[in-house]
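# Structure assessment
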Amino acid sequence: MVEDFRRKDETTPVVLMGYYNPIYKFGVEKFLAVAKASGVDGLIIVDLPPEEDDELCLPALEAGLNFIRLTTPTTDDKRLPAVLANTSGFVYYVSMTGITGAAIKSRAAVGDAVKRIKGHTDLPVAVGFGIKTAEDAKTIGRDADGVVVGTVLVDAIGQSLKDGKATDKTIEAARTLVAALAEGVRAARA
Amino acid sequence: MATNGINSLRNGPDEHGRFGIFGGRFVAETLMPLILELEAAYRAARLDPAYEAQLQDLSVHYAGRPSPLYFAERLTAELGGAKIWFKREELNHTGSHKINNCLGQILLAKRMGKTRVIAETGAGQHGVATATVCAKFDLPCTIFMGATDVERQWPNVLRMKMLGAEVRAVSAGAGTLKDAMNEALRDWVTNVDTTYYLIGTAAGPHPYPEMVRDFQAVIGQEIKSQFAEAEGGLPDALVACVGGGSNAIGTFHAFLDDPTVAIYGAEAGGHGIEVDNGHAASMTGGSPGVLHGNRTYLLQDKDGQILEGHSISAGLDYPGVGPEHSYLHDTKRVTYVPITDDEAIEAFQLCTKLEGIIPALESAHGLAQVIKLAPAMAKNQSIVLCLSGRGDKDVESVGKYLGMSM
């Protein structure tokens, strides 16, 4: 899929996000070689904290792939430098303690957290978890360098499917939502 | 535990929570500070004589320890080989070994100032033990249990509710222990400030496998001294059932450095190890992977997607196993064998009829392995089985399986 995409687009960064086990099962060395050759730019692996850097983070950096780390509301100032140490590409701030798709409780707290992280790193900070609408993207986009949207996009695509297969509405559903979210981020910059 | 010597099998885990390549801390960043805090609190507690004294007092006067080591005379005669002994963990308060770990962890939760407890449960034994200690220590608790398990273990669901716990039925996946653990982890990641996650098995991220093992190791320590007193020396074989493996690691740990003691773990063979998705034997039928915070043997497909295990026993159909068992499997110190549903049911009936003890279906898996081993051993040899739980909760599903009517 990444190879196909790369044939048409050589500039948009591609980041793979997921859990470690499918990569571990595939084989770390083989995975990194295939990912690099296909044009992948970075990885976000949610269940690999810095304590497990030897597993994939260090080999990925050596292979020339970015390893984008999650920081969370529970990552305090004492721990933050260790979390940022082997992070590259950008920092992904998780807006809440919870799971993807839940709602952000305090936007002011998110802004404060982004400022705090920026005090420790020059990397761009993107915020994810709980961003559902153009309005959310606009508000969060004022403090963050980027926003990460997953659950509502999956929902929008999911609602367009028939019997689990894409329909002529699917691409439009994704495009409409992404356009609105992008508009929100641009409004934050204006 | 440097006193064990450098070649001891009892030195694990290392400072990264590893037993060989297994174990570790494969968790989201949100949880990482919590498990580091938990580890520090656990180390501090174990050095505090007041903590140890309270745990010891509760073990004796609340849980009823030590549990007896019982000579199963009729079963021994029936099988015609080695002497068979039961370590009667089913006589503990709440009816299984699970209380050993719950007492240790609830005292820890209190010390850490946590105000809410969550737990996952399969057969409901751990859920009942957690609900029990939460009632005693006045902490609200929420138990996550797969919807399928709620149905097949409803007597335990009623017990948990009567003890004041909220039982949340999890309908995701096959509605079993894996799904309950996923949901408990989701709750924990959402309520990190207030909530203590009381894991019931010797799995999950470090320090849980070590901590749960330490609280269950009393089983093997007692067997050692009780057997020496009753028979002299060491038993020739130990057997325990393995789901996540808490009663098994508790039984085995004290004997790992005693090479004359053969050790067997009975995994859930379900419909048979050769049947796709028909068993929950992670070690004899799986491969290493990463799930629920640790690297261990898992039931998974070639893409690393986790498979649904099957077992007649709700306590054993977990697609993983504690990391220390994976290590003991690879080092071949412990022999893990699959036991089918049918073999477990047969052992359940035999024990009930010959000894007047209704074992939990989980423990019946261990018993089925004893039935295989005993006839081939000499009459002056001994096997100790950890009878980890009582089977009251299972009489309805066994009755159904056997087509018994009212």
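This structure is a prediction, so every number in the text was calculated from the model and none was measured.

This part takes up the UniProt feature "modified residue: N6-(pyridoxal phosphate)lysine" (unreviewed entry) in chain B. Residues and elements named next belong to chain B. In this numbering, the UniProt entry assigns the feature "modified residue: N6-(pyridoxal phosphate)lysine" (unreviewed entry) to Lys98. With respect to the element layout, Lys98 can be found in helix H4 (residues 98-111). Note on Lys98: relative accessible area 13%, which makes it buried. Setting aside its immediate chain neighbours within four residues, Lys98 contacts Gln125, His126, Ala129, Gly200, Thr201, Gln216 and Ser246.

Residues and elements named next belong to chain B. Of note, the amide linkage connecting Gly12 to Pro13 takes the cis form, showing an omega dihedral of 0 degrees. Looking at the secondary structure, you find Pro13 in the segment before strand S1 (18-19). Arg65 connects to Pro66 through a cis peptide bond whose omega is -5 degrees. For Pro66, the location among the structural elements is in the loop between helix H2 (49-63) and strand S3 (69-71). One non-glycine residue, Thr94, adopts positive backbone phi at about 75 degrees. Relative to the helices and strands, Thr94 is located in the loop between strand S4 (83-87) and H4. Unlike most non-glycine residues, Asp138 shows phi in positive territory, near 55 degrees. Here Asp138 shows up in the loop between helix H5 (125-136) and strand S6 (141-146).

Across the boundary between the two partners, chain B contributes 30 residues, which contact 23 residues of chain A. Of the roughly 2,000 Å² buried at the junction of chain B and chain A (both faces included), carbon and sulfur atoms supply 52%. On inspection of chain B and its partner chain A, the count reaches four salt bridges. The closest approach of N and O atoms between Arg295(B) and Glu55(A), which form a salt bridge, is 2.5 Å.

Residue and element names in this part refer to chain B. A sheet is described by the order of its strands in space; here six strands give the open sequence S3-S4-S14-S9-S10-S13, paired in mixed fashion. In this open sheet, the two edge strands, each paired with only one partner strand, are S3 and strand S13 (334-340). Ignoring which end each strand starts from, the neighbouring axes of this sheet average 25 degrees apart. Here strand S9 (residues 237-241) runs beside strand S10 (residues 262-270); their pairing, made up of five bridges, is parallel. Its bridge partner being in S10, Cys241 is matched across the sheet by Ala266. Most of the contacts of helix H15 (residues 361-373) go to S9, to which it runs at about 145 degrees, and overall it touches S4, S9, S10, S13 and strand S14 (382-386).

This brings us to the pairing of S14(B). All names here are of chain B. Of all five residues making up S14, five are buried, and the element is well covered by its neighbours. Pairing between S4 and S14: five bridges, direction parallel. Considered in S14, the bridge of Lys83 is made with Ser382. Two elements, S9 and S14, share three bridges in a ladder whose sense is parallel. Within S14, the residue paired with Leu238 across the bridge is Val384.

Analysis parameters
Residues numbered from 1 in each chain as written. Chains lettered and ligands numbered in written order. Predicted model: local features only at pLDDT ≥ 70, side-chain atom pairs only at ≥ 80, totals over all residues. Heavy atoms only, no water. UniProt positions renumbered as here; feature names shortened; annotations may be inferred. Helix = DSSP H or I, 4+ residues; strand = E, 2+ residues; numbered from the N terminus. Buried < 20%, exposed > 50% of the residue type's maximum accessible area, 1.4 Å probe, protein only. Contact = heavy atoms within 4.5 Å. Buried area = accessible area lost by both parts, 1.4 Å probe. Salt bridge = Lys/Arg side-chain N within 4 Å of Asp/Glu carboxyl O. Pairing = 2+ DSSP bridges. Axes fitted to C-alpha atoms, helices over the stretch in contact; angles between N-to-C directions.

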